[in-house]
Amino acid sequence: MVIFLGIQSFIAETRARQDEKGNMIGGYKHTKVSSNLIAFIVHILTDDTVPLNPMKEYHTRHSKSPIPFHTDEFGDILAFQTRSAAIRGGNCILSPVYTIYNELVVSRPDVIWTLSEPDWPLHLPHYHQRALLFYEDSHIIFNAAPNALLGSKAHPRPTTIPSISPRQLEALTLVQGLAEKHKISFSAQKGDMHFFNNLALVHRRDATEVGPGGKRHLVRMYLRNEGMAWKIPMMLNTTTGWEEAYRQGEDVEQVWHIEPMPDVFLPLIRKPN
Ligand SMILES: [Fe+2]
């Protein structure tokens, strides 16, 4: 862990707060553990207890199921340390937004406009509308997760909010297809660290097989390099609280969950990211 933190300081030195309940922005204000507690580490843990707890199977951080291409809701640089690898699968799969964008410009420029319109009905953690694709300070930025647009077992979509339109569904499907076309995949082994730009790459995970007593265990942190950080579009910042996550007040307590916290202490939330 010390080496992980040390290498981070050369890549992206500022850490965003997260909490174990998945309430990433302002979550520390709502946690039952403390009213002034912030946490920087989230454990992504899939083990052989998943079949015993259906909630875990629905929860993306603990599930053995594959996850479609997405960006995390916020975080400039996503940092992962692999503590234990799956027997099979669980690979990290990345795809470049710029390549997807360039291919859409040539083949389906109308989809660029669809993705850029501020009318995508997201539901994470609450219903709001915004664009998925941005052009900010000479950067193309994409931010979306299918679960926030389509719902999932862990994150059911209320019938009282609008569904995405057929045109938006087509755009989302095209992005998934192009991401698959241009993907790179790697299986992180125990001790590996990987860092990637959450503004310019989409990522997914394939199905995970852990075996009896085995586990896939990654430690996730959200980082920023203050000197090289991209400007966050205002619409994205106001709907996610992106910038706020990097600001820590003087009266808050920093907690470092070096090991996963027991579920009884910090139970899984009903609407995880
Ligand atoms: Fe993710």
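These numbers were taken from a predicted model, which means no experiment stands behind them. (Residues numbered from 1 in each chain as written. Predicted model: local features only at pLDDT ≥ 70, side-chain atom pairs only at ≥ 80, totals over all residues.)

### Quick notes on the overall build of the protein chain
- Counting secondary structure elements, the protein chain contains 8 helices and 17 strands.
- Counted over contacts in the protein chain with a minimum sequence separation of 6, partners at least 24 positions apart contribute 79%. (Helix = DSSP H or I, 4+ residues; strand = E, 2+ residues; numbered from the N terminus. Contact = placed C-beta atoms within 7 Å.)

### Points about the packing of helix H5 (residues 109-116) against helix H7 (residues 166-181)
- Close contact between H5 and H7 brings their axes to 10 Å; oriented N to C, the two are set at 110°. If you check the angle between H5 and H7, you find them roughly perpendicular. Relative to H7, the crossing made by H5 is left-handed. For the pair H5 and H7, contact is made by Val111, Thr114 and Leu115 and by Arg167, Gln168, Ala171 and Leu174, respectively.
- Among the residues making up the contact of H5 with H7, the classes are represented as 4 nonpolar, 2 polar and 1 charged. (Axes fitted to C-alpha atoms, helices over the stretch in contact; angles between N-to-C directions. Parallel < 35°, antiparallel > 145°, perpendicular 65-115°, else oblique. Left-handed = near helix turned anticlockwise from the far one by under 90°. Nonpolar A, V, L, I, M, F, W, Y, C, P; charged D, E, K, R; others polar.)

### Looking at the sheet that holds strand E4 (residues 67-70)
- Strand order in the open sheet formed by 4 strands is E4-E14-E7-E12, and the pairing between neighbours is antiparallel. Each edge of the open sheet carries a strand with a single partner, namely E4 and strand E12 (184-186). Going across the sheet, the axis of each strand differs from the next one's by a mean of 20°, ignoring polarity. (Pairing = 2+ DSSP bridges.)

### A word on the pairing of strand E14 (residues 201-205)
- With 4 of 5 residues buried, E14 lies mostly within the body of the structure.
- Where E4 and E14 come together, 2 bridges link them in antiparallel fashion. Paired with His70 across the strands is His203, a residue of E14.
- Where strand E7 (residues 92-96) lies against E14, 5 bridges are found, and the strand directions are antiparallel. When the sheet's bridge partners are listed, Pro96 is paired in E14 with Leu201. (Buried ≥ 20, exposed ≤ 12 C-beta atoms within 10 Å, placed from the backbone.)

### Observations concerning the nonpolar core
- Judged by nonpolar contacts, the single largest core of 44 residues is most densely connected at Ile100, Leu132, Phe142 and Tyr222.
- Not counting residues within four places of it along the chain, the set of residues in contact with Phe142 comprises Thr71, Val97, Leu132, Leu133 and Val202. (Core = buried A, V, L, I, M, F, W, Y, C linked by C-beta atoms within 7 Å.)

### A closer look at the pairing of strand E10 (residues 133-136)
- Summarising the sheet, E10 and strand E11 (residues 139-142) pair through 4 bridges and their orientation is antiparallel. Among the inter-strand pairings, Leu133 is bridged to a residue of E11, identified as Phe142.
- Taken together, E10 and the strand that follows it, E11, pair antiparallel across an intervening segment of 2 residues, in which Asp137 is found at a positive phi of about 55°.

### Section: the environment of Ile41
- Turning to its location among the elements, Ile41 is positioned in the loop between strand E2 (37-39) and strand E3 (42-47).
- Accessibility expressed as a C-beta count within 10 Å gives 24 for Ile41, which makes it buried.
- For the pair Ile41 and Pro260, spaced 219 residues apart in sequence, the C-alpha separation works out to 9.2 Å.
- Residues within four places of Ile41 in sequence aside, it is in contact with Val219, Met221, Trp256 and His257.

### So, the confidence of the model for the protein chain
- This prediction gives the protein chain a mean pLDDT of 84; 83% of its residues lie at or above 70.
- Within the model, the stretch residues 264-273 combines pLDDT values under 50 with 23 contacts to residues more than four positions away or in other chains. (pLDDT = per-residue confidence, 0-100.)

### So, unusual backbone geometry
- Within the chain, Asp137 stands out as a residue other than glycine whose phi angle is a positive 55°.
- Along the chain, Asp137 falls in the loop between E10 and E11.
- For Ser138, which is not a glycine, the phi torsion comes out positive at approximately 70°.
- Take Ser138: it is sitting in the loop between E10 and E11.

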